[in-house]
Amino acid sequence: EPENGYINTYGVVNGYMLGIKSEWSNETHQQSENILKYSLADGTLEEIPYKSDNSNEYINAVTVQQDGGIAACVQEYIWDEKTREGQAFYRVIFMDAAGQVTGEIDLADIYAEMAQKSDYAYINNIAVDSDQVVYLQFEQEIVAANPDGSKLFSVETDNWIQNMGNMNDGSVYAVYYGQNG
C-alpha cells in the first residue's frame, strides 16, 4: 500500500490480476499512477507507469485483453471554480503487454448520453471482448461501444452492477449486487 495513496484491484483475467496504484507526492503536488500486473503463474508483479501530460486525468478502470494487452478507461475531470461545477471526459486507451499505447477511442458521445440520464454518470469498470467491443459499466447499465467509440447497444438492469470483466475465452461477464450463484 502506498504511503500517500491507494490500490484498486480489477479482477483476474488470462492469468493476471490487474490493479491501479495511485500515489500523491507532497513534494511535487502531483498524483502518479501505475498499472499493477500480477502474474498468477509465476508470482511476478510488474508496475506499468501511466504518464499523461494532463494533470486532470487519471485511470479509473483497467482490464487485460485476450492478447495480454491492457485496456484502460481514462477520465479527465475539469473543475470550474467560478461556476462550482465539474465536467468529465472519458476515453479508453489500449496498450500492449509492455504498457505502450497502441490506440484509443473517445467516449464523448456515449458519456454525454449517459450524463443526460443521471447527474452522477460514472464509468465504474470496463471489459473488452474478443471482437474488440468495449463494455462500459455504469451504475445500473452496461453500454457496449464499437471500436470507433460509437454505441453498439446497452443493457439496463434493476439492480446495481457490482462488477464486470473479461473471461479467458473473450466473452464478458457481469455480476449484480446481491447475486448468488
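These remarks concern the structure in this document. A quick note: this is a predicted structure, and the numbers were derived from the prediction, not measured.

1. Focus: the nonpolar core
If you look at the biggest cluster of nonpolar residues, it comprises 21 residues, and the most contacted ones within it are Val 92, Leu 107, Ile 123, Val 134 and Leu 136. If you list the elements that add at least two residues to this core, you get strand S6 (70–80), strand S7 (85–95), helix H1 (108–117), strand S9 (125–128), strand S10 (134–137) and strand S11 (141–145). A total of 4 residues in this core trace back to one element, the largest contributor, which is S7. If we ignore the near neighbours within four places in the chain, the residues touching Leu 107 are Tyr 90, Arg 91, Val 92, Ile 123 and Leu 136. In terms of nonpolar packing, the next biggest core, distinct from the first, is built from 13 residues, Ile 59, Val 62, Val 64 and Ile 70 among them.

2. Structural notes on the sheet that holds strand S8 (residues 101–106)
One open sheet accounts for 4 strands, arranged S5-S6-S7-S8; its pairing is antiparallel. Only two strands of the sheet have a single neighbouring strand rather than two, namely strand S5 (57–64) and S8. Each neighbouring strand pair of the sheet contributes to a mean axis angle of 25°, computed without reference to strand direction. Relative to S8, S7 is paired through 5 bridges, and the arrangement is antiparallel. When the bridges of S8 are listed, Met 95 appears paired with Val 101.

3. Considering the packing of aromatic side chains
Under the definition given, this model contains 3 aromatic pairs. Measuring from centroid to centroid gives 4.8 Å for Tyr 90 and Tyr 111, while their planes differ by 50°, and the two rings are tilted. Of this pair, Tyr 90 sits in strand S7 while Tyr 111 sits in helix H1; the two residues are 21 residues apart in sequence, bridging distant segments of the chain. Taken as a pair, Tyr 90 and Tyr 111 share a single burial class, namely buried. Considering the side-chain rings of Tyr 135 and Phe 153, the 6.3 Å spacing of their centres and the 65° angle between planes classify their relative orientation as edge-to-face.

4. Let's talk about the pattern of salt bridges
A complete count under the given rule lists 7 salt bridges for this structure. Here Arg 84 and Glu 81 are joined by a salt bridge, their closest N and O atoms 2.7 Å apart. Ionic pairing is found between Arg 91 and Glu 104, a salt bridge with its closest N-O pair at 2.8 Å. Here Arg 91, found in strand S7, pairs with Glu 104, found in strand S8; they are 13 residues apart in sequence, far enough to count as distant. Since its relative accessible area comes to 46%, Glu 104 is described here as partly exposed. Salt bridges sharing common partners tie together Glu 57, Arg 91 and Glu 104.

5. Structural notes on the environment of Glu 46
Along the chain, the position of Glu 46 falls in strand S4 (residues 45–50). Residues Glu 46 and Val 92 lie 46 residues apart in sequence; the distance between their C-alpha atoms is 21 Å. Other than its neighbours up to four places away in sequence, Glu 46 contacts Ile 35, Leu 36, Lys 37 and Ala 97.

6. Overview of the pairing of S9
Neither face of S9 is open: one carries Asn 125 and Ala 127, the other Ile 126 and Val 128, and all of them are buried. Judged from the 4 bridges that link them, S9 and S10 form a sheet pairing that is antiparallel. Paired with Val 128 across the two strands is Val 134, which belongs to S10. Taken together, S9 and the strand that follows it, S10, pair antiparallel across an intervening segment of 5 residues, in which Gln 132 is found at a positive phi of about 65°.

About the thresholds
- Residues numbered from 1 in each chain as written.
- Predicted model: local features only at pLDDT ≥ 70, side-chain atom pairs only at ≥ 80, totals over all residues.
- Heavy atoms only, no water.
- Core = buried A, V, L, I, M, F, W, Y, C linked by side-chain atoms within 4.5 Å.
- Buried < 20%, exposed > 50% of the residue type's maximum accessible area, 1.4 Å probe, protein only.
- Helix = DSSP H or I, 4+ residues; strand = E, 2+ residues; numbered from the N terminus.
- Contact = heavy atoms within 4.5 Å.
- Pairing = 2+ DSSP bridges.
- Axes fitted to C-alpha atoms, helices over the stretch in contact; angles between N-to-C directions.
- Phe/Tyr/Trp six-rings, centres within 6.5 Å; stacked < 30°, edge-to-face > 60°.
- Salt bridge = Lys/Arg side-chain N within 4 Å of Asp/Glu carboxyl O.

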